[in-house]
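In case you want the letters, here they are:
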Amino acid sequence: KAGVTQTPRYLIKTRGQQVTLSCSPISGHRSVSWYQQTPGQGLQFLFEYFSETQRNKGNFPGRFSGRQFSNSRSEMNVSTLELGDSALYLCASSPAGGSYEQYFGPGTRLTVT
Amino acid sequence: GENVEQHPSTLSVQEGDSAVIKCTYSDSASNYFPWYKQELGKRPQLIIDIRSNVGEKKDQRIAVTLNKTAKHFSLHITETQPEDSAVYFCAASPPLGYNKLIFGAGTRLAVHP
């Protein structure tokens, strides 16, 4: 099976802009989780989607949002970008609904200038 | 709140030695504990996991132990090889976490030939 894919891989944006990142899970996986990875804060959970429903959300401001489509592909959006949003954004897919192994995509490296 | 502490932050061993990384979690009801290996510039890779109803799990040179009473879990790597050099992350899934993982800060392991 093909692994988790994310697009784009690299992105440079300016403060105040918005950005949309995409994640395609492993075929048959219905859960997609998003994480932010930075050198200072490590890996932090953003949110999780299962069957097009957000079931859990981390401690991030409302500028961070996401959605999931009927084919399980997911997008996350960050509005009004800040310098501190520069990070590696990782998505992970899981076959089932809870406490199952998660497989990460390669990430999208977002740089905000 | 939910928290996972990981020690040590860096670990240097000689090839062939064993390496042990320890994690402590805060929520006693956490029920799933994966370990990820992340090489430089690559995605986190699931290497082993353990559920709360199991005390130990092995996979070739890698083993994980869980002590629910103490809320500790550890990764053991035997006969280390240079290709084991990477950053290792432990994580815990809180109850009803719906694929939400709380990550430790990571351990940078260096295996010297």
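Whatever comes next refers back to the structure up there.
Novice: So what exactly am I meant to see when it comes to the overall build of chain B here?
Specialist: Scanning chain B from N- to C-terminus turns up zero helices and eleven strands. Start at the N end of chain B and walk to the C end: the helices and strands fall as β-β-β-β-β-β-β-β-β-β-β. Here chain B has a C-alpha radius of gyration of 13 Å; the compact-globule value for 113 residues is 13 Å, and the two agree. Oriented by its inertia axes, the alpha-carbon framework of chain B measures out at about 45 × 30 × 20 Å. Among the 113 residues that make up chain B, the fraction classed as buried is 45%. In chain B, 54% of the contacts between residues at least 6 apart in sequence involve partners at least 24 apart. Accessible surface, chain B as shown: approximately 5600 Å² in total, 48% of it carbon and sulfur.

Novice: Sorry, what's going on with the interface of chain A and chain B here?
Specialist: Accessible area lost upon the coming together of the parts serves often as the stated size of an interface. If you look at the interface, chain A gives 24 residues, while chain B gives 18 residues. Where chain A abuts chain B, roughly 1800 Å² becomes buried across the two surfaces, and 50% of that area is made up of carbon and sulfur atoms. Along the contact surface separating chain A from chain B lie one salt bridge. Its salt-bridge partner being A:Glu101, residue B:Arg51 comes within 3.4 Å of it at the nearest N-O pair. Remark: the boundary between chain A and chain B carries twelve residue pairs in polar contact (both at pLDDT 80 or more). Elements supplying a minimum of two residues to the side of chain A that touches chain B: strand 4 (31–38), strand 5 (42–50), strand 6 (53–57), strand 9 (87–94) and strand 10 (103–104) of chain A. At four residues, the largest contribution of residues to the side of chain A that touches chain B is made by strand 4 of chain A. Classifying every residue of the side of chain A that touches chain B by side-chain character gives eleven nonpolar, ten polar and three charged.

Novice: Even after reading the chapter, I still don't get the nonpolar core, so can you show me in this structure?
Specialist: Among soluble globular proteins, nonpolar side chains are generally buried collectively. Among the nonpolar cores identified, the biggest contains 24 residues, and B:Trp35, B:Phe73, B:Leu75 and B:Tyr88 are the most heavily contacted of them. Those elements that provide at least two residues to this core are strand 3 (19–25), strand 4 (32–38), strand 5 (45–51), strand 7 (62–67), strand 8 (72–77), strand 9 (86–92) and strand 11 (107–112) of chain B. Those residues in contact with B:Leu75 that lie beyond four places of it in its chain are B:Ala19, B:Val20, B:Ile21, B:Trp35, B:Ile47, B:Ile48, B:Ile62, B:Ala63 and B:Tyr88. A:Cys23, A:Leu46, A:Phe60 and A:Tyr89 belong to the second-largest nonpolar core, a separate cluster that totals 21 residues.

About the thresholds
Every chain is numbered independently, its residues counted from 1 as its sequence is written. To label them, take the chains in the order written and letter them from A, then take the ligands in the order written and number them from 1. Local features in this predicted model are restricted to residues of pLDDT 70 or higher, and side-chain atom pairs are both shown and tallied only at a pLDDT of 80 or more, whereas totals for entire chains, interfaces and linings draw on every residue. The basis for every side-chain value is the complete set of heavy atoms in the structure, and neither hydrogens nor water enter the calculation. The numbering of helices and of strands both runs from the N terminus, where a helix is a DSSP run of H or I of at least 4 residues and a strand a run of E of at least 2. Values of the radius of gyration come from C-alpha atoms, whereas the globule rule sets the reference at 2.2 Å times the count of residues to the power 0.38. For the exposure calls, accessible area comes from a 1.4 Å probe over protein chains only, and a residue counts as buried if that area is under 20% of its type's maximum, exposed if over 50%, partly exposed in between. Two residues form a contact once any of their heavy atoms are found within 4.5 Å. In these tables, accessible area is a Shrake-Rupley quantity obtained with a 1.4 Å probe, and a residue counts as shielded only by the protein chains included in the view. Summed over both partners, the accessible area (1.4 Å probe) lost when two parts come together is defined as the buried area. Here, a salt bridge means any side-chain nitrogen of Lys or Arg that lies within 4 Å of a carboxyl oxygen of Asp or Glu. Throughout this description, a polar contact denotes any pair of N or O atoms lying within 3.5 Å of each other; where both atoms belong to protein, one of them has to be capable of donating a hydrogen while the other can accept it, and for residues adjacent in sequence the pair is counted only when both atoms sit in side chains. Side-chain classes follow a simple rule in which Ala, Val, Leu, Ile, Met, Phe, Trp, Tyr, Cys and Pro form the nonpolar group, Asp, Glu, Lys and Arg form the charged group, and the remainder, Gly included, forms the polar group. Nonpolar cores were defined as sets of buried Ala, Val, Leu, Ile, Met, Phe, Trp, Tyr and Cys residues, with membership established by side-chain atoms within 4.5 Å.

Purely geometric stuff here, so don't read any function into it on its own.
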